[in-house]
Amino acid sequence: MKLIVLDRDGVINLDVDGPIVSPVAWEPIEGSLDAIARLNQAGYQVSVATNQSGLARGVLTTQDLHSIHQKMHEQVIQAGGRIDAVIFCPHSDSDECDCRKPAPGMLYSLSERLDIDLTKVFVVGDSLKDVQAAMAAAAMPVLVKTGKGEQTLESNKGLEHIPAYNDLAHFVDVLLAPEDED
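Residues numbered from 1 in each chain as written. Predicted model: local features only at pLDDT ≥ 70, side-chain atom pairs only at ≥ 80, totals over all residues. Heavy atoms only, no water.

A. Structural detail: helix α3 (residues 62-78). The end-to-end C-alpha distance of α3 is 24 Å, a good match for the 24 Å that 17 residues give at a rise of 1.5 Å each. Against α1 (32-41), β2 (44-51), α2 (54-57) and β3 (85-89) lie the buried residues of α3. After α3 finishes, the residue G80 shows a positive phi value of roughly 95°. (Helix = DSSP H or I, 4+ residues; strand = E, 2+ residues; numbered from the N terminus. Expected span 1.5 Å × (residues − 1). Contact = heavy atoms within 4.5 Å.)

B. Structural view of α1. α1 sits mainly inside the fold: seven of its ten residues count as buried. Turning to α1, its buried residues are S32, L33, A35, I36, A37, L39 and N40. In this fold, the buried residues of α1 make contact with β1 (2-6), β2, α3 and α7 (168-176). Phi turns positive, to about 95°, at G43, one or two residues after α1. (Buried < 20%, exposed > 50% of the residue type's maximum accessible area, 1.4 Å probe, protein only.)

C. Structural view of the side chain of T50. Among the secondary structure elements, T50 is positioned in strand β2. One polar contact links T50 to Q52, side chain to side chain, over a distance of 2.7 Å. What T50 contacts, discounting residues up to four positions off in sequence, is D7, R8, H69, I87, F88, C89, K101 and M106. (Polar contact = N/O pair within 3.5 Å; in protein donor to acceptor, adjacent residues only side chain to side chain.)

D. Inspection of the environment of A139 at higher detail. Among the secondary structure elements, A139 is positioned in the loop between α5 (128-136) and β5 (140-144). Relative accessible area serves as the criterion here: at 10%, A139 is assigned to the buried category. Expressed as a C-alpha distance, the spacing of A139 and L118, which sit 21 residues apart in the sequence, is 4.9 Å. If we ignore the near neighbours within four places in the chain, the residues touching A139 are L118, V121, V123 and A134.

E. Spatial organisation of the pairing of strand β4 (residues 122-125). Of the two faces of β4, the one carrying F122 and V124 and the one carrying V123 and G125 are both buried. In this sheet, β4 lies alongside β1 in parallel orientation, the contact comprising three bridges. Among the inter-strand pairings, I4 is bridged to a residue of β4, identified as F122. Bridging between β4 and β5 involves four bridges; their strand directions are parallel. The residue bridging V123 from the neighbouring strand is P141, located in β5. In this fold, β4 hands off to α5, which returns the chain to β5; that crossover is right-handed. (Pairing = 2+ DSSP bridges. Right-handed = clockwise from strand over helix to strand, strands pointing away.)

F. Geometry of the sheet that holds β3. With parallel pairing, six strands are arranged side by side in an open sheet as β3-β2-β1-β4-β5-β6. Every other strand in the sheet has two partners, leaving β3 and β6 (164-165) as the edge strands with one partner each. Helix-sheet contacts for α1 involve β1 and β2, and the interaxial angle to β2 is about 135°. Helix-sheet contacts for α5 involve β2, β4 and β5, and the interaxial angle to β5 is about 170°. (Axes fitted to C-alpha atoms, helices over the stretch in contact; angles between N-to-C directions.)

G. Broad picture of the pairing of β1. Counting buried residues in β1 gives four out of five residues, a clear majority hidden from the surface. Sheet topology note: the β1/β2 ladder contains five bridges and is parallel. Paired with L6 across the two strands is V48, which belongs to β2. Following the backbone out of β1, through α1 and into the adjacent parallel β2, one traces a crossover that is right-handed.

H. View of the packing of α1 against α7. Two elements in contact, α1 and α7, have axes separated by 8 Å at closest approach and are oriented at 25°. Classed by the angle they form, the pair α1 and α7 counts as roughly parallel. Classified by chirality, the crossing of α7 by α1 is left-handed. Only L168, A169, V172, D173, L175 and L176 of α7 make contact with α1, whose side of the interface consists of S32, A35, I36, R38 and L39. (Parallel < 35°, antiparallel > 145°, perpendicular 65-115°, else oblique. Left-handed = near helix turned anticlockwise from the far one by under 90°.)

What follows is the structure, given as structure tokens:
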């Protein structure tokens, strides 16, 4: 099985100030839904791992989150793709859990659930926390410049070795491009 794990906000959908608390506020980044469909068509399973501290802070209910994810699933299906699993951390930074990125707990959970070796899994995110979680889980981190991606690249030294792409669609273009035959 081939798996790619995506962060949600800033990778699949526009990243807004504060948490997204309703389906109305969830808007896909141009090309992201088609990119997920292309990954599926190329044989990849796609999962989402997202920090959702709005739950811990009481600004978002679990039902709100499920409604938001339902909209995301429906729009991906309309684009011809699917998201195979969504996993989220409901905690805040102060909870010191093992699932909130940059901790690798959500990635380990997906690995166990899907019985997959994370060393062969791309983890696509827009923040340092996404990169750190991927590295802690021995997965392959990828940055996109959407969401907080540009800011992440500018403010964090040492990320030069992490592949960075304009957006999810660009990453998928490169990943799925046929290799040149010499």
